[in-house]
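# Residue-level structural notes
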Amino acid sequence: MPDSTSKTVPETAGSRPAGAPPAAAKGEAPRVAVASLIGTTIEYYDFAVYGTAAALVLGPAFFPSGNATASSLAAFLTFAAAFLSRPLGVVLFGTIGDRLGRRQALVISLLLMGVATVGVGLLPTYESAGLLAPVLLVTLRLLQGVSMGGEWGGAVLLAAEHAPPGRRALYAAIPNVGPSLGFLLSTAVILPTLNIAGQDGFADGAWRIPFLLSFVLFVIGLWVRSRVSESPVFSSAAGPTAPAPASRFPLGTLLKQHPGRLLLGTGAAIGGSAVYYLTIVYSLSYAPQALGISRNTMLTAASIGAAAGIALTLPAARLADRIGRRPVMLTGAIGSVLWAVPMYASLSSRNALLITGAYALGLMLLALMFSPMAAFLAELFPARLRYTGASATFILANTLGGGFAPSIATWLNSQWDSPLVLGFYTGGLCLLSLACLLALPETRDDAFDS
């Protein structure tokens, strides 16, 4: 069976292992990794800006209602809508990336995200355009989701497939810093805007500023991304001596040949997705509305937690290159299962220092679980299906574990008014990830150029 066999070639220092790029490409590896990081940071900045704005103002602006919970739920459902269109992005960009090249797919995905995000900043609200306003908002969110469906897989692959021998997890983790870095960048724009304009001014129109500023980032990112070289692994696999691809539809081949790894890879990433989105999206709305904690306190706690996670990401990835992916990820998964309830229970204290510490530890455990994940998911699949395979597993996990998490959490807290519910929900998904990681093999020494 395709899921149970793999070619294993140890990465030794004295020879080029199967997973290493050609020597000519090695000098480009750091530049490609940084270019991939810039792209993922911009993409996740755009996504984080929407998530934060949804938590703060978009409900009343686009979905007015006499019930604050109903407005917030509608805004978060729009947030989830972008996750529903991500699978379309996997199909579209996975096909482009596996057949035409990683670089081409990444340029198109960034272009689509830039247009959609700036468009949100230009939209009329319900007050001035009626039902047209939420329809346009949902349309642009769907475009953002399509873009995100192709972004993560391509960015980590471009870095990983350029990586020197024995450093694949490290290089793949560099663009994986983008989600947290994008959130920090969005907070660095939103928090001063909120403080200067005030809550009323932010709701009246200042919320548009972070969306419109993304145009500058988008232009820079597009310029950087268009200048990177194509993946040497893809070029080798697509060369004249390489076998023809098994199918013109890589997702179909993936479902036929690797269904087990697709399902288990999705499960492995689902718990971390829930931790990320409940921490940096849902709690920014829930804590102020339900517990009376200031938005500045929550934004600060989430930002410090994200920074702590970033600080641990590359050391954890380097450790995964030395001892294997699974030991590092299993440590993070076990820690996340045990810490989920205490982390969200800290919200009941309403103590800024305690919340910040709890979030920092939670997001550091997430870093342990997710730092090697980029390389791990890519290594589960052969080169000609790798863009589709890595993207599909990660995006499905993000959709199931993260996209619907704010909406599910909103409903759960309408039934049981306690932050402990968030801990049990998140801990359960992290337990599922732990089980899937235990069922999957170690991939550090697997062949990567075939």
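It should be emphasised that the depicted structure is a prediction, and the values quoted were computed from it without experimental measurement.

### Quick notes on the pattern of salt bridges
- In this structure the tally under the stated criterion is 8 salt bridges.
- For the salt bridge of glutamate 379 with arginine 168, the shortest nitrogen-to-oxygen distance reads 2.8 Å. One end of the pair, glutamate 379, is in helix α17 (residues 373-379); the other, arginine 168, is in helix α8 (residues 168-176), with 211 residues separating them in the sequence.
- Members of the salt-bridge network, linked through shared partners, are Arg168, Arg318, Asp321, Arg325 and Glu379.

### Description of unusual backbone geometry
- Here the phi dihedral of arginine 350 falls at roughly 60 degrees; this positive angle occurs in a residue that is not glycine.
- Along the chain, arginine 350 falls in the loop between α15 (325-345) and α16 (352-370).
- The partly exposed category is assigned to arginine 350, whose relative accessible area is 48%.

### Concerning the packing of aromatic side chains
- Counted according to the given criterion, the structure contains 9 aromatic pairs.
- Relative to phenylalanine 218, the ring of phenylalanine 215 has its centre 6.3 Å away and its plane inclined at 50 degrees; by these criteria the two rings are tilted. Taken together, the residues phenylalanine 215 and phenylalanine 218, both in helix α10 (residues 208-226) and 3 residues apart, mark about one turn of the helix.
- Grouped by ring-pair contacts, the aromatic residues Phe62, Trp207 and Phe211 constitute a single cluster.
- Sitting over the face of the ring of tyrosine 50, arginine 141 holds its NZ or CZ atom 3.8 Å from the ring centroid.

### A look at the nonpolar core
- With 96 residues, the main nonpolar core has Trp152, Phe183, Met298, Leu347, Tyr359, Met373 and Phe376 as its most contacted residues.
- Among the elements that take part in this core, helix α13 (residues 259-291) stands out by supplying 16 residues, more than any other.
- Excluding anything up to four places from it in sequence, phenylalanine 183 contacts Ala48, Thr52, Tyr276, Ile280, Leu284, Ala302, Ser303 and Ala306.
- In terms of nonpolar packing, the next biggest core, distinct from the first, is built from 24 residues, Tyr45, Leu58, Phe63 and Leu194 among them.

Conventions we followed
- Residues numbered from 1 in each chain as written.
- Predicted model: local features only at pLDDT ≥ 70, side-chain atom pairs only at ≥ 80, totals over all residues.
- Heavy atoms only, no water.
- Salt bridge = Lys/Arg side-chain N within 4 Å of Asp/Glu carboxyl O.
- Helix = DSSP H or I, 4+ residues; strand = E, 2+ residues; numbered from the N terminus.
- Buried < 20%, exposed > 50% of the residue type's maximum accessible area, 1.4 Å probe, protein only.
- Phe/Tyr/Trp six-rings, centres within 6.5 Å; stacked < 30°, edge-to-face > 60°.
- Lys NZ or Arg CZ within 6 Å of the ring centre and 35° of its normal.
- Core = buried A, V, L, I, M, F, W, Y, C linked by side-chain atoms within 4.5 Å.
- Contact = heavy atoms within 4.5 Å.

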